[in-house]
Amino acid sequence: MRNKLLHILSTKLLDDALIRKAGDQVQLDCRSFLQTQPVAPEQVTALLADVPLLDQAVIFTSANAVTAVAAALTNQPRWRVFCIEAATRKKVQELLPGTTISASAPNGAQLVKQIIGHAPDPVVFFCGNLRLDTIPDGLKQNAISCREKVVYKTIKTPVHIDQHYDGILFYSPSGVESFFSLNKISPETSAFSIGPSTTRALKKYTSNIVEAAQPDVEQMIGMIADSTRRSARGSKDF
């Protein structure tokens, strides 16, 4: 039976409940490699001035965008929402209860297909300053008009890590870039990825990648807990 304590690094801060889900066989350290700053509510309100509250198709790919928009609204919109699963979808349901989720998908490429299938035109994309090109380019290629509204900013805050970790959790391409701007990892270290875009970013730096089946932080923590249980039975994952 394996009794070694696994050392795992999360590249963003996690709440205590999530940390406990990793189990007592894991030491889970959290360091933030990105900082998000919402655009001031009055500025977001100005961005919303030309967005109809009724029957407008909108896109959210981040819970940060949902929070920023919700904080600036003075009336509940009746939007048709296209969003990423699962945290972003949950935030839409929580903060924008008057909207209808027309479709959701685990990543941007699949979400583009959903939007094309519903053929809304035009759409409004609430995003951050470091958003990926996947959705705007995909919509442009299919002649769907997309207006972007930047409602939060992502700032890279790299930290040098001098400790060896058995696994590292990554949540976005920006987080990957921030981490590897100051750090390298050994071939033995498992890089846990939240989804395809993050995996593509990681492939520049490592081949030892484990991708979550769904883009959900809780599922990533569950992957670590499952790995420790399998290791205890003699099946080595790290």
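As shown above, the structure is provided for reference.
Note that the structure is predicted; figures quoted are calculated from it, not measured.

Engineer: Quick question: what am I supposed to make of the pairing of strand β1 (residues 6–10) here?
Structural biologist: Every regular strand shows the same layout, with side chains that alternate between the two sheet faces. Among the five residues of β1, four are classified as buried, and the element is accordingly described as predominantly covered. Bridge count between β1 and strand β2 (residues 26–30): five bridges; the pairing is parallel. The residue of β2 that forms the bridge with Ser10 is Cys30. Examined bridge by bridge, β1 and strand β9 (residues 167–170) share three bridges and lie parallel to one another. When the sheet's bridge partners are listed, Leu9 is paired in β9 with Ile168.

Engineer: Explanation requested: the pattern of salt bridges in the structure shown.
Structural biologist: Side-chain pairs of opposite charge can arise whenever the charged atoms involved come near each other. In total, this model carries eight salt bridges according to the counting rule given. Ionic pairing is found between Glu94 and Lys91, a salt bridge with its closest N-O pair at 3.6 Å. One end of the pair, Glu94, and the other, Lys91, are both in helix α4 (residues 87–95), three residues apart, so they sit about a helical turn from each other. The class of Glu94 is exposed, set by a relative accessible area of 52%.

Engineer: Before we go on, may I ask you to explain the pairing of strand β5 (residues 78–84) in this structure?
Structural biologist: Burial analysis of β5 places five of its seven residues in the buried class, which makes it a mostly covered element. Both strand β4 (residues 54–60) and β5 contribute to a ladder of five bridges, which runs parallel. Residue pairing in the sheet places Leu54 in a bridge with Arg78 of β5. Following the backbone out of β4, through helix α3 (residues 63–72) and into the adjacent parallel β5, one traces a crossover that is right-handed.

Engineer: Even after reading the chapter, I still don't get the sheet that holds β4, so can you show me in this structure?
Structural biologist: In sheet architecture, strand pairing relies on hydrogen bonds along the backbone and comes in two forms, parallel and antiparallel. The mixed open sheet is built from six strands, whose spatial order is β3-β8-β7-β4-β5-β6. Every interior strand has two partners, whereas the edge strands, β3 (34–38) and β6 (100–105), have only one. Neighbour-to-neighbour, the strand axes of this sheet turn through a mean angle of 25 degrees, independent of strand direction. Looking at chain direction, strand β7 (residues 123–128) and strand β8 (residues 146–156) are connected through six bridges and run parallel.

Engineer: Could you clarify how one ought to interpret the packing of helix α5 (residues 108–118) against helix α6 (residues 134–141) in this entry?
Structural biologist: When two helices pack together, their arrangement is captured by the angle between the axes and the distance separating the axes. Across the interface, α5 lies against α6 with an axial gap of 9 Å and an inter-helix angle of 35 degrees. Crossing of α5 against α6: the hand is right-handed. Contacts between α5 and α6 pair Gly108, Ala109, Leu111, Val112, Ile115 and Ile116 from the former with Thr134, Ile135, Gly138 and Leu139 from the latter. Of the residues in the contact of α5 with α6, the class split is seven nonpolar, three polar and no charged.

The rules we used
- Residues numbered from 1 in each chain as written.
- Predicted model: local features only at pLDDT ≥ 70, side-chain atom pairs only at ≥ 80, totals over all residues.
- Heavy atoms only, no water.
- Buried < 20%, exposed > 50% of the residue type's maximum accessible area, 1.4 Å probe, protein only.
- Helix = DSSP H or I, 4+ residues; strand = E, 2+ residues; numbered from the N terminus.
- Pairing = 2+ DSSP bridges.
- Salt bridge = Lys/Arg side-chain N within 4 Å of Asp/Glu carboxyl O.
- Right-handed = clockwise from strand over helix to strand, strands pointing away.
- Axes fitted to C-alpha atoms, helices over the stretch in contact; angles between N-to-C directions.
- Left-handed = near helix turned anticlockwise from the far one by under 90°.
- Contact = heavy atoms within 4.5 Å.
- Nonpolar A, V, L, I, M, F, W, Y, C, P; charged D, E, K, R; others polar.

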